[in-house]
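Below, each chain spelled out in residue letters.
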Amino acid sequence: MSIGSIIAETVENRRNILKVRAMSAYECTVNVLREAEEDSLVAKERRRAEFVTMSSTELVPGDIIEIPNGLKMPCDCVLLHGSAIVNEAMLTGESIPVLKTSLPFNNDIYNPDNDKKYTIYSGTDVLQGRPVGDSKTCALVVRTGFTTIKGSLVRYILYPKPSKFSFGSDTYKYIAVMFCISVIGVIIQLPRASDVETVIFVKRCLDLITIMVPPALPTIMFIGTLVALTRLKERGIFCISPPRINMAGKVSVFCFDKTGTLTEEGLSVYGVRTAAMTSESQSRFGSFYPSVRKFQPANMCTDQEVFEEYKDKSKSLMIESLASCHGLTHIDGKIIGDPLDIEMFNCTGWVLDEPEVGGDDPDGMISTFVMPNEQQKNYDWIKEPDDRLKPYQIGIVRRFDFSSKLQRMSVIVKNLRTSQFRLYIKGSPEKIVELSKPESVPGNYSAILAKYTQKGCRVIALGTRVLNISYHQCQKVSRELVEKKLTFLGLLVMQNKVKDVTPSVIQKLQEASIRTVMVTGDNAFTAISVARECGIIPAKNKVYMSEAVREGSITKLAWNQIEFIEDEENDLPLVMEEVKESEIDNPRKAQEMEVSNVVEYVPNKLSDTLALQLEKNLGSMKRSNIST
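Right, let's walk through the structure included here.

What counts and what doesn't
- Within every chain, residues take consecutive numbers counted from 1 along the sequence as written.
- Residue-level local features of this predicted model are given only where pLDDT is at least 70; pairs of side-chain atoms are given and counted only at 80 or more, and the full residue set underlies all totals for whole chains, interfaces and linings.
- No hydrogens and no water enter the side-chain calculation; it runs on all heavy atoms of the structure.
- The numbering of helices and of strands both runs from the N terminus, where a helix is a DSSP run of H or I of at least 4 residues and a strand a run of E of at least 2.
- Three exposure classes are used, based on accessible area relative to the maximum for each residue type with a 1.4 Å probe and protein chains only: buried under 20%, partly exposed in between, and exposed over 50%.
- For two strands to pair, DSSP has to find at least two bridges joining them.
- Note on geometry: axes are lines fitted to C-alpha atoms, helical ones only across the stretch in contact, with angles between N-to-C directions running from 0 to 180 degrees.
- Counted as salt bridges are all cases of a side-chain nitrogen of Lys or Arg within 4 Å of a carboxyl oxygen of Asp or Glu.
- In what follows, residue pairs with any heavy atoms lying within 4.5 Å of each other are defined as contacts.
- Paired rings are identified among Phe, Tyr and Trp, the last through its six-membered ring, by centres lying within 6.5 Å, and are further divided according to the angle between planes into stacked (under 30 degrees), edge-to-face (over 60) and tilted (the rest).
- Ring-over charges, as used throughout, are those where CZ of Arg or NZ of Lys falls within 6 Å of the ring centre and within 35 degrees of the ring normal.
- Polar contact is the term for a pair of N or O atoms within 3.5 Å; when the atoms are in protein, one must be able to donate a hydrogen and the other to accept it, and sequence-neighboring residues count only if both atoms are side-chain atoms.
- When two cysteine sulfur atoms are found within 2.5 Å, that pair is recorded as a disulfide.

## A short note on the environment of Ile-211
Item 1. On the secondary structure map, Ile-211 appears in helix α6 (residues 198–212).
Item 2. Assessed through its relative accessible area of 64%, Ile-211 is described here as exposed.
Item 3. Put simply, Ile-211 and Ser-182 are 29 residues apart on the chain and 8.5 Å apart in space, counted from C-alpha to C-alpha.

## A short note on the sheet that holds strand β6 (residues 98–100)
Item 1. Taking strand neighbours across the sheet as the criterion, the three strands line up as β6-β5-β8 in an open arrangement whose pairing is antiparallel. Each having just a single partner strand, β6 and β8 (125–130) make up the two edges of the open sheet. Going across the sheet, the axis of each strand differs from the next one's by a mean of 25°, ignoring polarity.
Item 2. Relative to β8, strand β5 (residues 83–87) runs antiparallel, the two sharing five bridges. Bridging from a neighbouring strand, Val-86 pairs with Val-126 of β8.

## Some details on the pattern of salt bridges
Item 1. Evaluated as defined, the whole model comprises nine salt bridges.
Item 2. A salt bridge links Asp-76 to Arg-143; the shortest N-O distance between them is 3.1 Å. Residue Asp-76 is found in strand β4 (residues 76–81), and its partner Arg-143 is found in strand β9 (residues 138–143); the two are separated by 67 residues along the sequence.
Item 3. Owing to a relative accessible area of 0%, Asp-76 belongs among the buried residues under this scheme.
Item 4. The exposure class of Arg-143 is buried, given its relative accessible area of 15%.
Item 5. Across the pair Lys-431 and Glu-434 runs a salt bridge, and its minimum N-O distance is 3.4 Å. Residue Lys-431 and its partner Glu-434 are both found in helix α13 (residues 429–435); the two are separated by three residues, about one turn of the helix.

## Side note on the sheet that holds strand β18 (residues 408–415)
Pairing between sheet strands relies on hydrogen bonds along the backbone, with the strands arranged either parallel or antiparallel.
Item 1. Strands sit in the order β12-β11-β21-β20-β19-β18-β17-β16-β15 across an open sheet of nine strands; the sheet is antiparallel. Edge strands, defined here as strands with exactly one partner in the open sheet, are β12 (282–289) and β15 (351–353). Taken pair by pair, the neighbouring strands of this sheet meet at an average axis angle of 30°, ignoring direction.
Item 2. Two strands pair when backbone bridges link them, and strand β11 (residues 268–279) and strand β21 (residues 487–495) are joined in this way by six bridges, in the antiparallel orientation. The residue of β21 that forms the bridge with Arg-273 is Leu-491.
Item 3. Against the sheet, helix α10 (residues 314–324) makes contact with β11, β12, β16 (368–371), β17 (394–403), β18, β19 (420–427), β20 (458–467) and β21, and its axis sits at roughly 55° relative to β21, the strand it touches most.

## Digging into the packing of aromatic side chains
Item 1. Summed over all chains, the structure comprises eight aromatic pairs.
Item 2. Plain terms: the ring middles of Tyr-289 and Phe-295 are 5.1 Å apart, the flat faces sit at 85° to each other, and that makes the pair edge-to-face.
Item 3. Assessed through its relative accessible area of 24%, Tyr-289 is described here as partly exposed.
Item 4. Taking the relative accessible area as the measure of exposure, Phe-295 reaches 5% and is therefore buried.
Item 5. By way of ring pairs, the aromatic residues Tyr-270, Phe-288 and Tyr-452 are connected into one cluster.
Item 6. Its end group placed over the ring of Phe-295, Lys-315 keeps NZ or CZ at 5.6 Å from the ring centre.
Item 7. Over the face of the ring belonging to Phe-307 we find Arg-417, whose NZ or CZ atom lies 4.7 Å from the ring centre.

## Remarks on helix α14 (residues 445–453)
Item 1. Among the nine residues in α14, eight count as buried, and that is most of the element.
Item 2. For α14, the full list of buried residues reads Tyr-445, Ala-447, Ile-448, Leu-449, Ala-450, Lys-451, Tyr-452 and Thr-453.
Item 3. Close packing links the buried residues of α14 with β11, β12, α13, β20, β21 and α18 (524–534).

## Section: the side chain of Arg-408
Item 1. Examined against the element boundaries, Arg-408 turns out to sit in strand β18.
Item 2. A distance of 2.6 Å separates a polar atom in the side chain of Arg-408 from a polar atom in the side chain of Glu-483.
Item 3. When sequence neighbours within four positions are dropped, the list of residues in contact with Arg-408 reads Asp-401, Phe-402, Ser-403, Ile-425, Lys-426, Gly-427, Lys-431, Ile-432, Leu-435, Arg-479 and Glu-483.

## Quick notes on the state of the cysteines
Item 1. As enumerated under the stated definition, the model contains zero disulfides in all.
Item 2. Looking at Cys-77, it has no disulfide partner, and the nearest cysteine sulfur is the one in Cys-75, 4.9 Å off.
Item 3. Judged by relative accessible area, Cys-77 falls into the buried class, the value being 0%.

## Focus on α18
Item 1. Buried residues dominate α18, accounting for eight of its eleven residues.
Item 2. When α18 is considered as a whole, its buried residues turn out to be Phe-525, Thr-526, Ala-527, Ile-528, Ser-529, Val-530, Ala-531 and Cys-534.
Item 3. Immediately downstream of α18, the backbone of Gly-535 shows phi near 100°, a positive value.

As structure tokens, this is what we get:
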């Protein structure tokens, strides 16, 4: 049995190694920039370079290669010229193509792991390379072989870090204890050794040890794991660390992401709520609009007077921000990018255009334009003499990509008709309000936000700012300098429905006494609504929210009980009933309270003492979920 177990394990390991090699081994031909071989001395002094075709196995860091369409990257490299759209599904599992741009000319130190938007990683597919002018899309090789991101994944699969499980250590402890007991039994039998033959006595001692410590135990455990692997494989579940299977039965907490896991993958636009200044020091929300396509008159592109009248109104700025503040691009005539950005852009009815980039004119260096559909119909105006109207186009000059840490993304755009530069920004409502001028934020902002988040909607805030800078300054300015003193534009409300299978899955886990937790970066009220809808928070359970409140030099936690009010016509706020700290600390009172979900809102600068106080308060309650 032991020999059979060893043979089976060896065959399985060899099969896995061959699969990993087939997956990781890759070789292709690439065009590498090399110094041309010239015979004359004058030609050598010119140092003319040309692209030479060679094998990817000969690449070394420092080589400059061409990035053509359809190339599967054999190395990690940084884009030097042009841009590229790549598919990183092999590394990240995300099927959404990613836009990579060339390395900017600044004094920052490049890091392949941090500057991901400039780096094309090994194993990714280049869907489209976009050169600038007549030049080629070029990149500098920075890592090859096992030093690449793909190589590190292969290394991890071949030589995974040893995992220590209590199950394994308990098994060895059990074997050690049983061995000690068998040794004690042998010692007890030593006085009787003279009564029997030595050979028979030794055999009986070995039998005693064998009975107490079964030699087939490791084999049986391996066979059990192998059977479990086979059953999982039949259901399309693969495991790269078989010892973890033994721990599956000890799972007590199951954490879910919200978007795309508990809810549907796609989002749909529910509507927008614009904000407008009623005076120099006051702003208010307008009505709720399910569609934004009528925010601008149809003749705004052709009538200059109408354009001047509507260009700076809140509705026009709102539709311009929705149409331009994204990272979308074209591939084979199809718009690709983040599903949220696609849905947001489609709701405007505008057109995305990506002409060839080239020339000395700064406007000719803009690679992406957005424009109303009516302007697209009159696109020939661009070729008309100067006395005609300039096209109503918004050129995206620079993008500041979305950062989960900053909770926002922004773009610097240029209106080709007015030649004005402007910043449009979108992100979490809390962050955009923090960056906006106080007088531009409506007084009932919190009530309006709560109205939509309590329905489980995803709410995104938008803002803008006029920039008095040139095209070249746009390329050098940092986002910290422009993402401030914003004018609050309003809210974009999007629906994200719960999957049909989610409630039944949550119910099965709860029936198995497994605690279910939802982890999300969305608004807390949205998280609470979705948790109630899918069954993570039972309808009868109360929900409390904690907020750090500073009283002088002391920071305390203020607890509020959350109740939702369903009112479609009036903008009613959530009922937040303050709960005294003594009621939470009181053990008798705590026993009467069953808290199903505690949403923590704690600032980044919260002290360790306050964090310990939070844990102490939560420890006195009966909890089934904590969503942070």
